[in-house]
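Results of the structural survey
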Amino acid sequence: DYKISYMHFDAIIAGSRQVGRNVLAFKAGRVPDILAVIAHYDTAKTTYQGAMDDGSGIGVLLELARILSSSPTHRSLLFVASDGEEWGMLGARDLAGNYPDRSKIVAALSLDGVAVGSLSGITLETVGQMGGYTPPWLRQISSVAAEAQALAVSQPSGFREHVERSLLLSWTDQGPLLAVGLPAINLGSVSSDRARQFAIYHSPQDTIDSLE
């Protein structure tokens, strides 16, 4: 069984002060170490339903929680529906700074967008927000899992990784977690129709129907 809780935080969104809310579901494992999965439920102001970004990520999170609900797990599980990602990863930042058992998180997976149509690959986002970078072991685990599904893997390397490590600017929820030293990575995806994916991203056309 999951224990449901909420974390509220002050936020400035679209120029006004608001209260953000993360929704957390925790399931105790045999050991106190925590594996966290996070997906944001807020949407960009330029979109309508935000189905791809990030309703699809929330859908994956809920399905994972359902599948794992009835089976005992070695490590404890934490599923987080985060708020304010589109406004600076505010929910992830609050989680990283204020979740009482954050020191027990041994790995965190951020889910940000299941691309429209058929998937052709997985993208790994590994940069922290003003600090931190995904450790090699977590990158390797993520790559092997994607390749086991016959999906190409795109991740920073060479010059691109050098630039990322120099700038340390993230756009997804793994960023604030890495910044405080928590091992984290973001899992994204690439559509076989990349032009359509880019056209829908953060647009009014990002609806449930567009995911087909």
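Structure's up top.
Okay, so let's go over this structure. Just so you know, the residues in each chain are numbered from 1, in the order the chain's sequence is written. At least 70 in pLDDT is required for a residue's local features to be given in this predicted model, at least 80 for side-chain atom pairs to be given and counted, and no such filter applies to totals for whole chains, interfaces and linings, which use all residues. Heavy atoms from the whole structure form the basis of all side-chain values; hydrogens and water molecules are not counted.

**Digging into unusual backbone geometry**
With an omega dihedral of 10°, the bond running from Asp53 to Asp54 counts as a cis peptide bond. Even without a glycine there, the phi angle at Leu168 is positive, about 50°. By the criteria applied, helices consist of DSSP H or I runs no shorter than four residues and strands consist of E runs no shorter than two, each listed in order from the N terminus. Turning to its location among the elements, Leu168 is positioned in the loop between α4 (158–167) and α5 (174–179). The backbone of His202 shows a phi angle near 55°, a positive value even though the residue is not glycine. Looking at the element boundaries, His202 is found in the segment after α6 (194–200).

**Details of the packing of aromatic side chains**
Here the aromatic set is Phe, Tyr and Trp, taking the six-membered ring for Trp, and pairing holds for ring centres within 6.5 Å; pairs whose planes are under 30 degrees apart are stacked, those over 60 apart are edge-to-face, and all others are tilted. Evaluation of the coordinates by the stated rule reveals 1 aromatic pair. Between Tyr2 and Phe79, the aromatic rings sit 5.9 Å apart at their centres with planes inclined by 80°, giving edge-to-face as the arrangement. Of the two residues, Tyr2 is situated in the segment before β1 (3–13) and Phe79 in strand β4 (residues 75–82); the sequence distance between them amounts to 77 residues. Burial classification: accessible surface area is computed with a 1.4 Å probe over protein chains only, and a residue below 20% of its type maximum counts as buried, one above 50% as exposed, and the rest as partly exposed. Taking relative accessible area as the criterion, Tyr2 reaches 23% and is therefore assigned partly exposed. A residue is classified by how much of its surface remains accessible, and Phe79, at 4% relative accessible area, is buried. Whether a charge sits over a ring comes down to the Lys NZ or Arg CZ being within 6 Å of the ring centre and within 35 degrees of the ring normal. Sitting above the plane of the Tyr133 ring, Arg165 keeps its charged end 3.9 Å from the centroid.

So far we have only geometry, and geometry alone does not tell us how the molecule works.
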